[in-house]
Amino acid sequence: MQITSGTTERLPEILFTRISNYRHKVFVEMLGWELRSRNEMELDQFDRPDTVYVVAQNEQGQVSGCARLLSTDRPYLLGEVFPQLLNGMPPPSTPEVWELSRFAAVDFSNQAQSGQFSSPIAVGLLREAIDCAASHGAKRLITVSPLGIERLLRKAGFHAHRAGPPMVIDGHPIFACWIEA
Amino acid sequence: MNRPLISSRQQTPLAMPIISEDGYIRLLPSQLKAVRLIHLISGLDEYPAETTSCGAMPTAITGYTEWISHTAPAITIGWDWQMQTPVFFKRISEPRSNIMLKAAGSDIGPAKTAAWIEAYIDSLDWEKSVLDCIGLRYSG
């Protein structure tokens, strides 16, 4: 497994294209999320020049995992789209809190795997993503994710707790979760 | 399915909970016992390979269940379960919540809080709500 991180400007253009293709495959095709996607590339308004990506590639160079990191002092998914998940608290807005979103670890070259966090590299990629956010100044992270990420966070040994109750969207519960960096 | 759960133990009345800046709702252990939860949703593990809970057999039917309080802000507690035959549910994970218990003015920490919540969950009659919800969601 090779893990690379950086902003759109720093990542090779071909890798950024592969990340957006991978997100389309995971979130739109596999999980059926209703996301904006064109030409099999899943991108939204939070994929900006300052957005930080953490990407895992397998030995063949195929993307096998990804994560998106956004400082909360700029617009971010939870603050703009899902503030209701914060249990009445105002969305954080500080460079010391970063948002983790679009986290997936599925290796499509391994047919036996299924599920958003099914790859054996899931824990390692999560650790890399949290370390990457910390290297950009994050003291805490907040994530809007399916409930399964809680299991992964515990497995990785992180101190995490819910920011509020889950909400059922398109039949699947999602929630906001605090992670100590 | 959504009937409130009431502990029969001696309880300290739960005043309207207050959420802390760190997102935790801080309670005394005696206040936890007074929390009344309603069932939000339960589901099967769609991808058993992702189940990392201790004690689950690879071929067992496993899933999750989510419960919330009707207070604002809301208390949320979820845990994983395993179905055994004859129909019997067993909690197989630590609870996941937004609660931090305190004693003598200080937090007692995540591990001790989890232990208290486990005891609270295990005192509740949650299995029928899970079974009813699973039946509704996955039948037909």
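Q: Whenever I open this one, the packing of helix α3 (residues 122-135) of chain A against helix α4 (residues 148-155) of chain A confuses me. Can you help?
A: Geometrically, a packed helix pair is captured by the angle between its two axes and the distance between the axes. Residues and elements named next belong to chain A. Where α3 contacts α4, the axes come no closer than 9 Å and their chain directions differ by 85°. Taken together, the axis directions place α3 and α4 in an arrangement best described as roughly perpendicular. Taken together, the residues of α4 that come into contact with α3 (itself represented by A122, V123, L126, R127 and I130) are I149, L152, L153 and K155. Its residues assigned to classes, the contact of α3 with α4 comprises seven nonpolar, no polar and two charged.

Q: Where do I start with the nonpolar core in this structure?
A: Note on soluble globular proteins: their nonpolar side chains tend to be buried together. With 37 residues, the main nonpolar core has L78 of chain A together with I77, I99 and W126 of chain B as its most contacted residues. For this core, the elements supplying multiple residues, two or more each, are α2 (77-81), β7 (140-146) and β10 (172-180) of chain A together with β1 (25-27), β4 (76-84), β7 (99-103), α2 (110-122) and α3 (127-138) of chain B. With near-sequence residues (within four places) excluded, I77 of chain B lies in contact with R162 of chain A together with L37, T65, E66, W67, P95, R96, S97, I99, I117, Y120 and I121 of chain B. The next biggest cluster of nonpolar side chains, apart from the first, holds 33 residues, and it includes F117, L125, F175 and I179 of chain A.

Q: In this structure, what is going on with the packing of aromatic side chains? I would like to understand it.
A: Residues and elements named next belong to chain A. For the structure shown, the criterion picks out seven aromatic pairs over all chains. Here the aromatic rings of F16 and Y53 are separated by 5.3 Å at their centres, their planes lie at 70°, and the arrangement is edge-to-face. Separated by 37 residues along the polypeptide, F16 in helix α1 (residues 13-30) and Y53 in strand β4 (residues 52-57) bring together distant segments of the chain. The exposure class of F16 is buried, given its relative accessible area of 15%. Taking 5.9 Å as the distance between ring centres and 75° as the angle between the ring planes, the aromatic pair formed by Y22 and F108 counts as edge-to-face. Separated by 86 residues along the polypeptide, Y22 in helix α1 and F108 in the loop between β6 (97-104) and α3 bring together distant segments of the chain.

Q: I keep staring at unusual backbone geometry and nothing clicks. Help me out?
A: Of all residues except glycine, most have a negative phi; of all peptide bonds, most are trans. Here the residue pair A72 of chain B and P73 of chain B is connected by a cis peptide bond, since its omega of 0° sits within 30 degrees of zero. Note that P73 of chain B resides in the loop between β3 (61-69) and β4. Phi angles above zero are rare outside glycine, and R102 of chain A is one such case at about 50°.

Q: Looking at this model, I keep getting lost on the side chain of N98 of chain B. Mind explaining?
A: Considering the arrangement of structural elements, one finds N98 of chain B in the loop between β6 (96-97) and β7. Accessibility expressed as a relative area gives 0% for N98 of chain B, which makes it buried. A polar contact of 3.0 Å, which involves the side chain of N98 of chain B, links it to the backbone oxygen of A74 of chain B. A polar atom in the side chain of N98 of chain B sits 3.0 Å from the backbone nitrogen of T76 of chain B. Apart from residues no more than four positions distant in its own chain, N98 of chain B is found in contact with N87, R162 and G164 of chain A together with G23, Y24, I25, A74, I75 and T76 of chain B.

Q: Looking at this model, I keep getting lost on the sheet that holds β1 of chain B. Mind explaining?
A: Where strands meet in a sheet, backbone hydrogen bonds hold them as pairs that are either parallel or antiparallel. Reading across the sheet, the three strands line up as β1-β7-β8 (chain B) and stay open at both edges, with mixed pairing between neighbours. Strands at the two margins of the open sheet, each flanked by one partner only, are β1 and β8 (106-107) of chain B.

Q: Explain α2 of chain B here, please?
A: Every α-helix winds through 3.6 residues per turn, so residues three or four apart in the chain are directed the same way. All names here are of chain B. Helix length check: α2, at 13 residues, gives a terminal C-alpha distance of 18 Å against a target of 18 Å (1.5 Å per residue), a fit within 8%. Buried within α2 are the following residues: T113, A114, I117, Y120 and I121. For α2, the arc enclosing every buried residue in end-on projection is 120°, short of the 170-degree limit, so these residues lie on one face. Relative to its buried face, α2 has exposed residues pointing more than 90 degrees away, namely A111 and K112.

Q: Help me understand the pattern of salt bridges, please; the structure alone is not making it clear to me.
A: Taken as a whole, this structure holds 22 salt bridges over all chains when the rule is applied. R151 of chain A is the salt-bridge partner of D80 of chain B, the closest N and O atoms lying 3.0 Å from each other. One end of the pair, D80 of chain B, is in strand β4; the other, R151 of chain A, is in helix α4, on a second chain. Of the two residues examined, D80 of chain B and R151 of chain A, each falls in the buried class.

Here is what the cut-offs are and how they apply
Residues numbered from 1 in each chain as written. Chains lettered and ligands numbered in written order. Predicted model: local features only at pLDDT ≥ 70, side-chain atom pairs only at ≥ 80, totals over all residues. Heavy atoms only, no water. Axes fitted to C-alpha atoms, helices over the stretch in contact; angles between N-to-C directions. Helix = DSSP H or I, 4+ residues; strand = E, 2+ residues; numbered from the N terminus. Parallel < 35°, antiparallel > 145°, perpendicular 65-115°, else oblique. Contact = heavy atoms within 4.5 Å. Nonpolar A, V, L, I, M, F, W, Y, C, P; charged D, E, K, R; others polar. Core = buried A, V, L, I, M, F, W, Y, C linked by side-chain atoms within 4.5 Å. Buried < 20%, exposed > 50% of the residue type's maximum accessible area, 1.4 Å probe, protein only. Phe/Tyr/Trp six-rings, centres within 6.5 Å; stacked < 30°, edge-to-face > 60°. Polar contact = N/O pair within 3.5 Å; in protein donor to acceptor, adjacent residues only side chain to side chain. Pairing = 2+ DSSP bridges. Expected span 1.5 Å × (residues − 1). Arc of directions from axis to C-beta. Salt bridge = Lys/Arg side-chain N within 4 Å of Asp/Glu carboxyl O.

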